[in-house]
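Fold and contact review
What follows is each chain in one-letter form.
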Amino acid sequence: MAGKVKVYGKAQNRTALGIVHAYLVMYPHATLEDLRKAFPNTLNPDSGVKEMFLPLEEAEGFNTKMSLYFTRPDEVLDLADGLKGALAQVWSKPSFERIVEQGKLYDIEVAEFEKTAHPGQKGGYRLEYLNGYVPPVPEEKKSSRWWIWLLLALVAAGVALAIFLPRDKQVKEIVVEKEVVVRDTVYVQQIEEIERNFNAAKFAQGKSELTDDAKIALHDLARVLNRNPQLRLSIEGHTSSEGDDATNMRLSQNRARAAMEYLVTKEGVDSARLSATGFGSTRPVSDNFEENRRIEFIINDK
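The structure contained in this document is the topic of the report that follows. (Residues numbered from 1 in each chain as written. Predicted model: local features only at pLDDT ≥ 70, side-chain atom pairs only at ≥ 80, totals over all residues. Heavy atoms only, no water.)

1. Things to note about the side chain of Asn 44
Its location among the elements puts Asn 44 in the loop between α2 (32–38) and β2 (53–55). Judged by its relative accessible area of 2%, Asn 44 falls in the buried class. Reaching out from Asn 44, the side chain makes a polar contact with the side chain of Ser 95 at a distance of 3.1 Å. If near-sequence neighbours (up to four positions away) are discounted, Asn 44 is found in contact with Met 52, Val 90, Trp 91 and Ser 95. (Helix = DSSP H or I, 4+ residues; strand = E, 2+ residues; numbered from the N terminus. Buried < 20%, exposed > 50% of the residue type's maximum accessible area, 1.4 Å probe, protein only. Polar contact = N/O pair within 3.5 Å; in protein donor to acceptor, adjacent residues only side chain to side chain. Contact = heavy atoms within 4.5 Å.)

Listed below in structure tokens is the structure:
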């Protein structure tokens, strides 16, 4: 059977995480129990824990004694039942080989990977969709309507009081407090870290082709965008002042567009949520040429 998703990893344990993420992309309605059935504990008996998957809160509590689960925001598994899950992060070579074979049952392939990340960088992974495969889009959960029924009940109670109570005892006003939504801005820190990782994965001099490390950073960025559908992002390219101004402007535009096109064509991000602009060397941030050669991800969520 032809593969549907290929996982590119930079470390053995992060590639295992990528396999599980690929499964969730393919089966967006999967729950924690579904994960445990798809990838049973017998795949990784040497992970140091009884359960390969735990709810996030339990995993974080476990990690206070010994760090054995993936619990960072970019590592957490978003499940259909509203839970957030965590995967065991200790993987020996035999266990890793078993989960690779298990992934094949779900048409998930694994590319050759580097055994360790580069110095100063953590491992990572990205997904590639094969043979024209398009991941299913999970249905949005219907918003709760409990407040409407509460409002109707209060109105009905007010009418009843107005009819049956003496006028001097009638309720003059019923106030319904509005629900206050607190905006979660964790994604701001996540995008800042992804921007640093992307810029650490340098373009070749004078080129706009994305490196494997840059693609991993963009995969992480796509996950943040998918978790926060209100986000709009401007991708801005910048170069140092070395070289011809026109060439620098064109290069910065091509690099910004390359990042945007990858997010749209490979990660399925709606192009309406993104824009790409190049500024050449017109906006330096330092006297250091290296720091001026950068891509910036600017959040536009208003």
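2. A short note on the environment of Leu 87
Tracing the backbone through its elements, the reader meets Leu 87 in strand β4 (residues 84–87). By relative accessible area, which is 0% here, Leu 87 ends up buried. Taking the C-alpha atoms as reference points, Leu 87 and Leu 77, separated by ten residues in sequence, lie 7.9 Å from one another.

3. What about empty space enclosed by the protein?
Empty space among the atoms becomes apparent when a probe as large as a water molecule is rolled across them. Across all of its chains, the model carries two cavities of 30 Å³ or more by this definition. There is about 30 Å³ of room inside the second largest cavity. Lining of the second largest cavity is provided by Asp 74, Asp 220, Arg 223, Val 224 and Arg 227. Broken down by class, the residue content of the lining of the second largest cavity amounts to one nonpolar, no polar and four charged. (1 Å grid on protein atoms, 1.4 Å probe; cavity = no way out; pocket = protein on both sides within 12 Å on 5 of 7 lines; lining within 4 Å. Points joined across faces, edges and corners; volume = space filled by probe spheres on them. Nonpolar A, V, L, I, M, F, W, Y, C, P; charged D, E, K, R; others polar.)

4. Re the sheet that holds strand β3 (residues 77–78)
If you walk across this open sheet you meet the three strands as β2-β4-β3, and the pairing is antiparallel. Taken across any chain shown, the strands that pair with only one partner, and hence form the sheet edges, are β2 and β3. Bridge count for β2 against β4 is three bridges, and the pairing is antiparallel. Paired with Phe 53 across the bridge in β4 is Leu 87. (Pairing = 2+ DSSP bridges.)

5. Details of the layout of surface pockets
Empty space within the second largest pocket amounts to approximately 460 Å³. Every residue lining the second largest pocket is counted, 24 residues in all, and those nearest its centre are Gln 205, Gly 206, Leu 251, Arg 255 and Arg 293. Secondary-structure elements contributing two or more residues to the lining of the second largest pocket are α6 (186–200), β7 (233–238), α8 (245–265) and β9 (294–299). Top contributing element to the lining of the second largest pocket by residue count: α8, with five residues. Per-class residue counts for the lining of the second largest pocket are six nonpolar, eleven polar and seven charged.

6. Some points on the nonpolar core
One finds Tyr 23, Leu 35, Phe 39, Phe 53, Leu 77, Leu 87 and Ile 99 to be the most contacted residues of the largest nonpolar core, which totals 39 residues. For this core, the secondary-structure elements that each account for two or more residues are β1 (5–9), α1 (12–26), α2, β2, β4, α4 (93–104) and β6 (125–129). When residues in this core are grouped by element, the largest group, nine residues, is from α1. Residues in contact with Leu 87, not counting those within four places in the same chain, are Ala 16, Leu 17, Val 20, Met 52, Phe 53, Leu 68, Tyr 69, Phe 70 and Leu 77. (Core = buried A, V, L, I, M, F, W, Y, C linked by side-chain atoms within 4.5 Å.)

7. With respect to the packing of helix α7 (residues 212–227) against α8
Packing of α7 against α8 leaves a shortest axis separation of 10 Å and a crossing angle of 55 degrees. As summarised for this structure, α7 and α8 are arranged oblique, according to the angle between their axes. Crossing hand, α7 versus α8: right-handed. Across the interface between the two elements, Lys 215, Leu 218, Leu 221 and Ala 222 from α7 touch Ala 259, Tyr 262 and Leu 263 from α8. Class assignment for the residues of the contact of α7 with α8 results in six nonpolar, no polar and one charged. (Axes fitted to C-alpha atoms, helices over the stretch in contact; angles between N-to-C directions. Parallel < 35°, antiparallel > 145°, perpendicular 65-115°, else oblique. Left-handed = near helix turned anticlockwise from the far one by under 90°.)

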